[in-house]
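# Analysis of the macromolecular model
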Amino acid sequence: LQTTSNFYSAKLSEMEIKSLSAEIERLKNPQNLDLSSTGLDELREENARLKYRLNILKKSLQEERSYSSKSMTNVNQRLQEIFGDAISVAYPDLENAPLAVTPNQQAKFGDYQCNSAMAMAQMMKAKGLKVNPREIAEKIVQNIPDNELIERTEIAGPGFINVHLKKTFVSKLLTNLLVNGVQPPPLDRKQKVIVDFSSPNIAKEMHVGHLRSTIIGESVCRLFEFIGHEVLRLNHVGDWGTQFGMLIAHLQDKFPNYLSVSPPIGDLQAFYKESKKRFDDEEEFKKRAYQCVVRLQSKDPDFIKAWNLICDVSRNEFQKVYDCLGIRIIERGESYYMDMMADVVKEFEEKGLVELDEGRKIVFAPGQSIPLTVVKSDGGYTYDTSDLAALRQRLFDEKADVIIYVTDSGQAGHFQLVFAAGQMIGWYDPKVTRVEHAGFGVVLGEDKKKFKTRSGDTVRLMDLLKEGLKRSMDKLKEKGRDKVLTPEELMQAQQAVAFGCIKYADLSHNRINDYIFSFDKMLDDRGNTAAYLLYAFTRIRSIARLANIEEAALRKAAETCEILLEHEKEWKLGKCILRFPEILQKMVDDLLLHTLCDYLYELATTFTEFYDSCYCVEKDRQTGEVVKVNMWRMLLCEATAVIMAKGFDLLGLNPVQRM
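Since we're looking at a predicted model, the values are computed, not measured. (Residues numbered from 1 in each chain as written. Predicted model: local features only at pLDDT ≥ 70, side-chain atom pairs only at ≥ 80, totals over all residues. Heavy atoms only, no water.)

Each helix and strand in the protein was counted, giving 24 helices and 16 strands. Expressed along its principal axes, the backbone C-alpha trace of the protein runs to roughly 90 × 85 × 50 Å. Per-residue burial for the protein yields a buried fraction of 49% across its 659 residues. Of the contacts made within the protein by residues no fewer than 6 positions apart, 73% connect residues no fewer than 24 positions apart. Summing over all exposed atoms, the protein offers an accessible surface of approximately 32500 Å²; the carbon and sulfur share of this is 50%. Between the centroid of the 89 positive side chains of the protein and the centroid of its 95 negative side chains there is a distance of 3 Å. (Helix = DSSP H or I, 4+ residues; strand = E, 2+ residues; numbered from the N terminus. Buried < 20%, exposed > 50% of the residue type's maximum accessible area, 1.4 Å probe, protein only. Contact = heavy atoms within 4.5 Å. Areas by Shrake-Rupley, 256 points an atom, 1.4 Å probe, with all protein chains shown as cover. Lys, Arg positive; Asp, Glu negative; His and termini not counted. Charge placed at Lys NZ, Arg CZ, Asp CG, Glu CD.)

Below is the structure:
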């Protein structure tokens, strides 16, 4: 009943906030106003009264949510709301006042800092008003509404507002985290998110170039799923086009029983290279390959069967890689959109957006100097056409709110053209629908050149993963883990380290930059690596076990024991744990996953500082028996572990109990 009552009161508050906001907007419109001096004074009073009421309602609604909700509170966002309200009351006439709240890097200056005053002074100066930023800061501080999280503020330097949080507030949030688990922040509206990633080519093996798209795309999907959105994971494989006619023509000559048995992928790869050479060198073969393409496109049953066999062999090989890396994805290749392409071209033609250029049909999007080719001079379609058809299908059939393409940065120009054409024809409005290319740099070898084998070939992804397994086992044996772990535990640790290190090495770099692939660096258990974090996590998890504290006892303590934050290292760790929702929000905004890796490393090192300074378990020096358990500190260990576990989950890492 209490929950229902909270829900209705929150709904009523939301309705009243909307109504008051609408009234304030109405009062801003001169046509609605009595502009006599008496009328103006009354309106100013009315405006101030409405804003005051609005702030009180916002505050009560916010408190209702933070205490009745199981969700984690984004402390930074909450502070932004508080300072946003203070600024709008202090400077009601300043439209779009800048709002900047960041965690403080040095503890002596407080926990967070609001840096809006300096930027506001610049804005006012541009309007001919000269105001000292410190004065602005003082006025903001005077108008901070009563709230549940700020202990005190101080103004420093030219106008920085240092914020000190209430320890009771942080303690309550940590208790909420332990009682309810790691819950995503509240969601305004569940959205349909499509992530297009991995996308290898059929009849070719996956190579190191596919590694980044696969790993980054998987983590982006996990992030949006955890936040609470519906995610469709799509594998836009290259499964159509001239190369299949070429391949089938070559198979007819070299592998006569191709209709019943498809060759293994190794052979298929070699066949592909041979067929490409014949296609380039033999005119007669080239003609036959084109005839095969026509038969395939007209859906001749024999040719469709050959095509399906080739696709199936490739799929099985791709799946081995996906199984190793824990990737979930639905195949929806170029062929899926084949029958939609004619309609897309027709739509552009009907709207007068197609130009003829030496037999080609091209489309110029606004602000773009290069056109899209939607029909080639021979009447065939192109990548441009299939990507436009895919975009249209995702917007209209799938009704996507967010579409993210995870490919290398070399394709940024192509997607810019496709998105611009989609907006020009009216398929979507970028203010309403988020369509984005999440580009990434290339994988380099230790020589800082494109990652290749010694013979200069592209590195096969399966070979890379096998090498990772071998190296991680060597590392575990070097540390003597084969002497203490069971064979099953050792194998689990080997896979966790091998695949975790490969993923983390990629994700811990800013995706926009190229990165150097080095097994030695990624398997190093010092510094910001998966090996270090996985070992740190296992150590944290073992603290309660070694003190013989059962999970049930920890759960009960979470509900009954107050988390004390008196020691500076307890306080630092508590605040660090609670920054997790801020990190999530930043990644949703910019799709840069290295932010989470940096945060997990910071959390692990902050935990080490805490553990070295604060006894969680006190033992008898002679007997080694546990004489005292500081339960609130055990709870800080547990809170660190649950956040790390969720972070690992988002990155696709699988920590094991023993390593």
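This brings us to the UniProt feature "domain: DALR anticodon binding" (unreviewed entry) in the protein. Listed under "domain: DALR anticodon binding" (unreviewed entry) in the UniProt record, and renumbered for this structure, are residues 533-659. Strand forms 6% of residues 533-659 and helix 68%; the C-alpha atoms that close the span are 12 Å apart. (UniProt positions renumbered as here; feature names shortened; annotations may be inferred.)

Unlike most non-glycine residues, Lys-448 shows phi in positive territory, near 65°. The backbone of Asn-548 sits at a positive phi, close to 60°, despite the residue not being glycine. Along the chain, Asn-548 turns up in the loop between helix H19 (530-546) and helix H20 (551-560).

Locating Thr-433 in the fold gives a position in the loop between helix H14 (412-424) and strand E12 (434-437). What Thr-433 contacts, discounting residues up to four positions off in sequence, is Leu-395, Ala-400, Asp-401 and Tyr-428.

Time to look at the pattern of salt bridges. Taken as a whole and judged by the stated rule, the model has 45 salt bridges. Asp-401 is the partner of Arg-189 in a salt bridge, and the nearest nitrogen-oxygen pair spans 3.6 Å. With Arg-189 in the loop between helix H6 (167-180) and strand E5 (192-196) and Asp-401 in the loop between helix H13 (383-396) and strand E11 (402-405), the pair connects residues that are 212 residues apart, well separated along the chain. Arg-332 is paired through a salt bridge with Glu-398; the nearest N and O atoms lie 2.8 Å apart. A residue pair is termed long-range when its members are at least 10 positions apart, and Arg-332 in the loop between strand E7 (330-331) and helix H12 (341-350) and Glu-398 in the loop between H13 and E11 qualify at 66 residues. Connected via shared salt-bridge partners are Glu-218, Arg-222, Glu-225, Arg-233, Arg-328, Lys-646 and Asp-649. (Salt bridge = Lys/Arg side-chain N within 4 Å of Asp/Glu carboxyl O.)

We now examine the packing of aromatic side chains. Using the criterion set out here, one finds 14 aromatic pairs in the structure. Plain terms: the ring middles of Tyr-336 and Tyr-337 are 5.1 Å apart, the flat faces sit at 75° to each other, and that makes the pair edge-to-face. Take Tyr-336: its relative accessible area is 39%, and that puts it in the partly exposed class. Given the relative accessible area of 0%, Tyr-337 is considered buried. For the pair Phe-348 and Trp-427, a centre-to-centre distance of 5.7 Å together with 75° between the ring planes defines the contact as edge-to-face. (Phe/Tyr/Trp six-rings, centres within 6.5 Å; stacked < 30°, edge-to-face > 60°.)

Another point: the packing of H6 against helix H24 (residues 631-651). At a minimum axis distance of 10 Å, the contact between H6 and H24 shows a crossing angle of 65°. The handedness of the crossing between H6 and H24 is left-handed. Together, Leu-174, Leu-177 and Leu-178 of H6 and Leu-635, Leu-636, Glu-638, Ala-639, Val-642 and Ile-643 of H24 make up the contact between the two elements. Across the contact of H6 with H24, the residue classes tally to eight nonpolar, no polar and one charged. (Axes fitted to C-alpha atoms, helices over the stretch in contact; angles between N-to-C directions. Left-handed = near helix turned anticlockwise from the far one by under 90°. Nonpolar A, V, L, I, M, F, W, Y, C, P; charged D, E, K, R; others polar.)

Following both chains from N to C, one finds helix H8 (residues 242-254) and helix H11 (residues 301-325) inclined at 100°, their axes separated by 11 Å at the closest point. By the criterion of interaxial angle, the relationship of H8 to H11 is roughly perpendicular. Across the interface between the two elements, Phe-244, Leu-247, Ile-248, Leu-251 and Gln-252 from H8 touch Phe-303, Ala-306, Trp-307 and Ile-310 from H11. Grouping the amino acids of the contact of H8 with H11 by side-chain chemistry returns eight nonpolar, one polar and no charged. (Parallel < 35°, antiparallel > 145°, perpendicular 65-115°, else oblique.)

The next point concerns the nonpolar core. In this structure, Leu-211, Phe-517 and Phe-580 are the most contacted members of the largest nonpolar core, which totals 196 residues. Not counting chain neighbours up to four residues away, the residues in contact with Leu-211 comprise Leu-325, Leu-461, Leu-464, Ile-502, Asp-506, Tyr-515 and Phe-517. (Core = buried A, V, L, I, M, F, W, Y, C linked by side-chain atoms within 4.5 Å.)

Pairing in this open sheet of five strands is parallel, and the strands run E7-E6-E5-E11-E12 from one edge to the other. Strand pairing shows two members of the sheet lacking a second neighbour, E7 and E12, which therefore form its edges. Pairing between strand E6 (residues 230-235) and E7: two bridges, direction parallel. Across the sheet, residue Asn-235 finds its bridge partner in E7, namely Glu-331. In the packing of helix H7 (residues 209-227) onto the sheet, contacts are made with E5, E6, E11 and E12, and the angle to E6 comes to roughly 165°. (Pairing = 2+ DSSP bridges.)

In this section: the environment of Leu-650. Looking at the secondary structure, you find Leu-650 in helix H24. Judged by relative accessible area, which is 3%, Leu-650 ranks as buried. Each C-alpha atom, one on Leu-650 and one on Phe-226, is 8.0 Å from the other, the two residues being 424 residues apart in sequence.

For the rest of this paragraph, the subject is the sheet that holds strand E3 (residues 150-156). Strand order across the open sheet formed by four strands is E1-E2-E4-E3, with antiparallel pairing between neighbours. Since the sheet does not close on itself, it has two edges, and those belong to strand E1 (101-103) and E3, each with one partner. Going across the sheet, the axis of each strand differs from the next one's by a mean of 25°, ignoring polarity. Strands E1, strand E2 (112-114), E3 and strand E4 (160-165) of the sheet are contacted by helix H3 (residues 75-90), whose axis makes an angle of about 145° with E1.

Bringing the UniProt feature "domain: Arginyl tRNA synthetase N-terminal" (unreviewed entry) in the protein into the picture now. Feature annotation in UniProt assigns "domain: Arginyl tRNA synthetase N-terminal" (unreviewed entry) to the following positions: residues 77-165. Taken end to end, residues 77-165 comprises 39% helix and 21% strand; its first and last C-alpha atoms sit 14 Å apart.

Residues with a pLDDT of 70 or more make up 91% of the protein, whose mean pLDDT is 90. Across residues 1-9, where pLDDT falls below 50, the model places three contacts with residues more than four positions away in sequence or in other chains. (pLDDT = per-residue confidence, 0-100.)

This part takes up the environment of Glu-582. If you trace the backbone, Glu-582 turns up in helix H22 (residues 580-590). Sequence separation between Glu-582 and Gln-105 is 477 residues, and the spatial gap between their C-alpha atoms is 15 Å. Once residues within four sequence positions are removed from consideration, Glu-582 is found in contact with Asn-74, Val-75, Asn-76, Pro-103 and Tyr-112. A distance of 2.4 Å separates polar atoms of two side chains, one belonging to Glu-582 and the other to Tyr-112. (Polar contact = N/O pair within 3.5 Å; in protein donor to acceptor, adjacent residues only side chain to side chain.)

Quick look at the pairing of E12 now. By the alternation rule, side chains of E12 split into Val-435 and His-437, which are all buried, and Arg-434 and Glu-436, of which none is buried. Sheet topology note: the E11/E12 ladder contains four bridges and is parallel. Residue pairing in the sheet places Tyr-405 in a bridge with His-437 of E12. Considered for its hand, the β-α-β crossover made up of E11, H14 and E12 is right-handed. (Right-handed = clockwise from strand over helix to strand, strands pointing away.)

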